[in-house]
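Fold and contact review
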Amino acid sequence: MTVEIGVEEIEDIALGATVLGTGGGGDPHVGKLVAKQAIEEFGPVELLPPDELDADDFVIPTAQMGAPTVSVEKLPGGQEAVASMERIERELGKTADATMPIECGGINSTFPFAVAARRGLPVVDADGMGRAFPELQHETFNIYGVSGTPAAVSDERGNSCLIETDDNDQLEWLARGVTVRMGGVAYVSDYPMTGAQVKETAIPGTMSLARDLGRALRLAEDDAMSAIREVTRESIYGEARSLFEGKIVDVQRRTERGFVFGHVDIDGLDSDEGSTMRIEFQNENLGATVDGSYVATVPDLITVLDRETGGPIPTESLRYGARVRVLGIRTPEIMRTPAALDVWGPASFGLDATYEPLADHP
């Protein structure tokens, strides 16, 4: 059933998608402001279930790409992703029937709503990552056979670049280079596809899940973990579980090749006292070890929450001394096939680990 997304729902989606974004996807506050401004100016947006798309509908996903640490300083004007969408429309001679996110994390969970409001389009309730990942080939669209090109990359100064490639790894390589030369953050439209392809390859229901998570967190008085567990329990994901609680004692990050690489070390508190968790990240959280042994890896979700407020903390906001709780959420089955693990399993990020799905319950 189609539902209407207004300003209040954008607040909830931004908060919930920060949980699903596993620390990445760009600054959710920036995306929320851009989407709210567009909705206030142009009106609410329809959230369309993928099974209500017609087979020949034309869908163009929209997103920001680049380093999260840059995105908080290099703010968008609001038209950049629209420009990328319209560049693809001119190239293919077709007008989009809908847009959708490529990932359900950070700015990229809400930015498509700004595009949709400005263009009068619905947003498909689905995405291609089921979380946030750092690169454009990390998409179920890619894994299950959709071409990422033609793609377009635009910036806030009106520059744009059309990209055609033989494969989606080359799309990532070229688009990342263009993004670096546009200042480290740019706005992309890629994987233009039919409604039939969306139904076959996308992860359904992720925007409504983000909305429900955000609403539950907003209404939770002092038990964010229980609120997240209740929402995820009946979802296509697994029930969230607590992995560790402690105090951040070190954060190392560096911006390199358009990504933020690094790790955070957390000394345990209460039942975890005496142990140390390390979380490695490349824009998003990739793997978590306790005393040197992996307890969770990609593609499962690893999310850091403020221990006092329950709010999710993006990687660019991790700070020494913060008291945190780390939770894990198992990903949907479509993200755990051998083909999917070849693209975003632990080895693809250089982690010395074999993927083992998180259990549903602690």
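Refer to the structure presented above.
The structure reproduced in this document is the subject of the present report. (Residues numbered from 1 in each chain as written. Predicted model: local features only at pLDDT ≥ 70, side-chain atom pairs only at ≥ 80, totals over all residues. Heavy atoms only, no water.)

Our focus in this paragraph is the nonpolar core. With 50 residues, the main nonpolar core has Phe113 and Ile228 as its most contacted residues. At seven residues, helix α5 (residues 107-119) tops the list of elements feeding residues into this core. (Core = buried A, V, L, I, M, F, W, Y, C linked by side-chain atoms within 4.5 Å. Buried < 20%, exposed > 50% of the residue type's maximum accessible area, 1.4 Å probe, protein only. Helix = DSSP H or I, 4+ residues; strand = E, 2+ residues; numbered from the N terminus.)

The subject of this paragraph is the sheet that holds strand β5 (residues 123-124). Strand order across the open sheet formed by three strands is β1-β2-β5, with mixed pairing between neighbours. Only two strands of the sheet have a single neighbouring strand rather than two, namely β1 (3-5) and β5. (Pairing = 2+ DSSP bridges.)

Bringing the pattern of salt bridges into the picture now. Between side chains of opposite charge, a pair can form when the charged atoms approach closely. One pass over the full model with this rule turns up 16 salt bridges. Glu86 is the partner of Arg119 in a salt bridge, and the nearest nitrogen-oxygen pair spans 3.6 Å. One end of the pair, Arg119, is in helix α5; the other, Glu86, is in helix α4 (residues 80-92), and 33 residues separate them in sequence. For Glu86, a relative accessible area of 31% gives the class partly exposed. Across the pair Arg307 and Glu245 runs a salt bridge whose closest N-O atoms are separated by 2.8 Å. Of this pair, Arg307 sits in the loop between β17 (301-306) and β18 (323-329) while Glu245 sits in strand β12 (residues 241-256), and the two are 62 residues apart along the sequence. Take Arg307: its relative accessible area is 27%, and that puts it in the partly exposed class. Salt bridges linked by common partners bring Glu245, Asp270, Arg307 and Arg325 together as one network. (Salt bridge = Lys/Arg side-chain N within 4 Å of Asp/Glu carboxyl O.)

On to the sheet that holds strand β4 (residues 62-66). Ordered by their spatial adjacency, four strands build an open sheet running β4-β9-β7-β8, and the pairing between neighbours is antiparallel. Unpaired on one side and paired on the other, β4 and β8 (160-163) mark the two borders of the sheet. When strand polarity is set aside, the average angle formed by the axes of neighbouring strands in this sheet is 25 degrees. Bridge count for strand β7 (residues 151-154) against strand β9 (residues 185-189) is three bridges, and the pairing is antiparallel. (Axes fitted to C-alpha atoms, helices over the stretch in contact; angles between N-to-C directions.)

For the rest of this paragraph, the subject is the packing of aromatic side chains. Under the criterion given, the structure shown has four aromatic pairs. Both rings, one in Phe133 and one in Phe349, keep their centres 6.1 Å apart while their planes meet at 15 degrees; by these two values the pair is stacked. Of this pair, Phe133 sits in the loop between β6 (126-127) and α6 (140-143) while Phe349 sits in the segment after α11 (338-344), and the two are 216 residues apart along the sequence. Both residues of the pair, Phe133 and Phe349, count as buried. (Phe/Tyr/Trp six-rings, centres within 6.5 Å; stacked < 30°, edge-to-face > 60°.)

Moving on: helix α2 (residues 28-42). The terminal C-alpha atoms of α2, which comprises 15 residues, lie 21 Å apart, in line with the 21 Å expected from a rise of 1.5 Å per residue. Those residues of α2 lying buried are Pro28, Val30, Gly31, Lys32, Val34, Ala35, Lys36, Ala38 and Ile39. Of the residues flanking the end of α2, it is Gly43, one or two places downstream, whose phi is positive at about 105 degrees. (Expected span 1.5 Å × (residues − 1).)

What follows concerns the environment of Pro357. With respect to the secondary-structure elements, Pro357 resides in the segment after α11. With a relative accessible area of 46%, Pro357 lands in the partly exposed category. Sequence separation of Pro357 and Arg336 is 21 residues, and the distance between their C-alpha atoms is 8.3 Å. With near-sequence residues (within four places) excluded, Pro357 lies in contact with Asp300, Arg330 and Arg336. (Contact = heavy atoms within 4.5 Å.)

This part is about the environment of Ala117. Note on placement: Ala117 falls in helix α5. Ala117 gets classed as buried once you look at its relative accessible area, which sits at 7%. Each C-alpha atom of the pair Ala117 and Tyr294 lies 43 Å from the other, and the pair is 177 residues apart in sequence. Contact partners of Ala117, with chain neighbours within four places excluded, come to Ala38, Ile39, Phe42, Gly43 and Val45.

Next up on the list: unusual backbone geometry. Thr149 connects to Pro150 through a cis peptide bond whose omega is 5 degrees. You can see Pro150 is positioned in the loop between α6 and β7. Even without being glycine, Tyr191 reaches a positive phi, approximately 50 degrees. One can find Tyr191 in the loop between β9 and β10 (193-194). Phi angles above zero are rare outside glycine, and Asp291 is one such case at about 55 degrees. With respect to the element layout, Asp291 can be found in the loop between β15 (284-290) and β16 (293-297).

Sheet topology places β12 next to β18; six bridges connect them, and they run antiparallel. Considered in β18, the bridge of Arg241 is made with Gly328. Pairing of β12 with strand β13 (residues 259-268) involves ten bridges; the strand directions are antiparallel. Among the inter-strand pairings, Ile248 is bridged to a residue of β13, identified as Ile266. Hairpin remark: β12 followed by β13, antiparallel, with two residues in the connecting loop; positive phi at Arg257, about 55 degrees.

This paragraph deals with the pairing of β4. Taking burial as the measure, the five residues of β4 include five buried ones, the bulk of the element. Side chains Thr62, Gln64 and Gly66 of β4 all project onto a buried face; the interleaved residues Ala63 and Met65 project onto the opposite face, where all are buried too. Sheet topology places β4 next to β9; five bridges connect them, and they run antiparallel. Its bridge partner lying in β9, Met65 is registered against Ala186.

By themselves these figures say nothing about function.
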